[in-house]
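# Structural features, examined
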Amino acid sequence: MTRFKTPLMGLALATAMGGGATAAPDHERGRALFNDNALMPCSACHALADAEAEGAVGPDLDEFAPTIDQVRAAVTSGIGIMPAFSEDLGEDEIEAISAYVAGVTGAAEPEGSKAEMPSDPDTTDAS
């Protein structure tokens, strides 16, 4: 049986699974976890416009626009003063938060995928 860290998490997931939500279920679940994780919500430290979060301890995620891989690594292992949450959140919860943050900041592609894309020869400066 799946155990949810907060009642709001279960409500968000149930609403999304019930078909009543207009946004993708993972988006709603990620947003709920970002704002309502009972231990330490991401919104306590990070600013993110979509989540209406105004935290000022960690980076402003709208400005930083981390990739899904960067978010996953930071949430799992911690970075700088940010603690690791791998003991407190399940892999599915970490994945939901990672996909949500990367998705709403426009950086949903895995790290390195932008650099691997070939450049458009019509826009390349030949000088």
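Residues numbered from 1 in each chain as written. Predicted model: local features only at pLDDT ≥ 70, side-chain atom pairs only at ≥ 80, totals over all residues. Heavy atoms only, no water.

All right, on to the side chain of histidine 46 then. With respect to the element layout, histidine 46 can be found in the loop between α2 (25–36) and β1 (47–48). The residues contacting histidine 46, other than those within four sequence positions of it, are Phe34, Ala53, Glu54, Gly55, Gly58, Pro59, Leu61 and Met82. (Helix = DSSP H or I, 4+ residues; strand = E, 2+ residues; numbered from the N terminus. Contact = heavy atoms within 4.5 Å.)

Before going further, it helps to spend a moment on the nonpolar core. Among the nonpolar cores identified, the biggest contains 16 residues, and Phe34, Leu48, Val75, Ile97 and Val101 are the most heavily contacted of them. Sorting the residues of this core by element identifies α2, α4 (68–77) and α5 (91–105) as the ones contributing at least two each. Among the elements that take part in this core, α5 stands out by supplying five residues, more than any other. Filtering out sequence-adjacent residues up to four positions away, phenylalanine 34 remains in contact with Pro41, Cys42, Ser43, His46, Leu48, Ala51, Ala53, Leu61, Ile97, Tyr100 and Val101. (Core = buried A, V, L, I, M, F, W, Y, C linked by side-chain atoms within 4.5 Å. Buried < 20%, exposed > 50% of the residue type's maximum accessible area, 1.4 Å probe, protein only.)

What follows concerns α5. Between the first and last C-alpha of α5 there are 21 Å, a value that for 15 residues agrees with the 21 Å anticipated at 1.5 Å per step. Just downstream of α5 lies glycine 106, where phi reads positive at about 85°. (Expected span 1.5 Å × (residues − 1).)

When α4 is considered as a whole, its buried residues turn out to be Ile68, Val71, Ala74 and Val75. On an axial view of α4, the arc spanned by its buried residues comes to 135°, and they lie on one face. Those residues of α4 hidden inside the fold are in contact with α5. Remark: glycine 78 follows α4 within two positions and exhibits a positive phi of approximately 80°. (Arc of directions from axis to C-beta.)

On to the packing of α4 against α5. Interaxial distance between α4 and α5 falls to 8 Å at its minimum, and their mutual angle equals 140°. The orientation of α4 with respect to α5, classified from their angle, is oblique. Note that α4 runs across α5; the crossing there is right-handed. Each of Ile68, Val71, Arg72, Val75 and Thr76 in α4 lies in contact with α5, whose residues at this interface are Ile94, Glu95, Ile97, Ser98, Ala99, Val101 and Ala102. When its residues are assigned to classes, the contact of α4 with α5 shows eight nonpolar, two polar and two charged. (Axes fitted to C-alpha atoms, helices over the stretch in contact; angles between N-to-C directions. Parallel < 35°, antiparallel > 145°, perpendicular 65-115°, else oblique. Left-handed = near helix turned anticlockwise from the far one by under 90°. Nonpolar A, V, L, I, M, F, W, Y, C, P; charged D, E, K, R; others polar.)

This part takes up the pattern of salt bridges. Enumeration over the complete set of coordinates arrives at four salt bridges. Between aspartate 92 and arginine 29 there is a salt bridge, and its shortest N-O distance comes to 2.7 Å. Here aspartate 92, found in helix α5, pairs with arginine 29, found in helix α2; they are 63 residues apart in sequence, far enough to count as distant. Accessibility expressed as a relative area gives 9% for arginine 29, which makes it buried. Residues arginine 72 and aspartate 69 are paired through a salt bridge, measuring 2.7 Å at the closest nitrogen-oxygen approach. Pair noted here: arginine 72 and aspartate 69 are both in helix α4, with a separation of three residues, about one helical turn. What you see here is one network of salt bridges that share partners, running through Asp69, Arg72 and Glu95. (Salt bridge = Lys/Arg side-chain N within 4 Å of Asp/Glu carboxyl O.)

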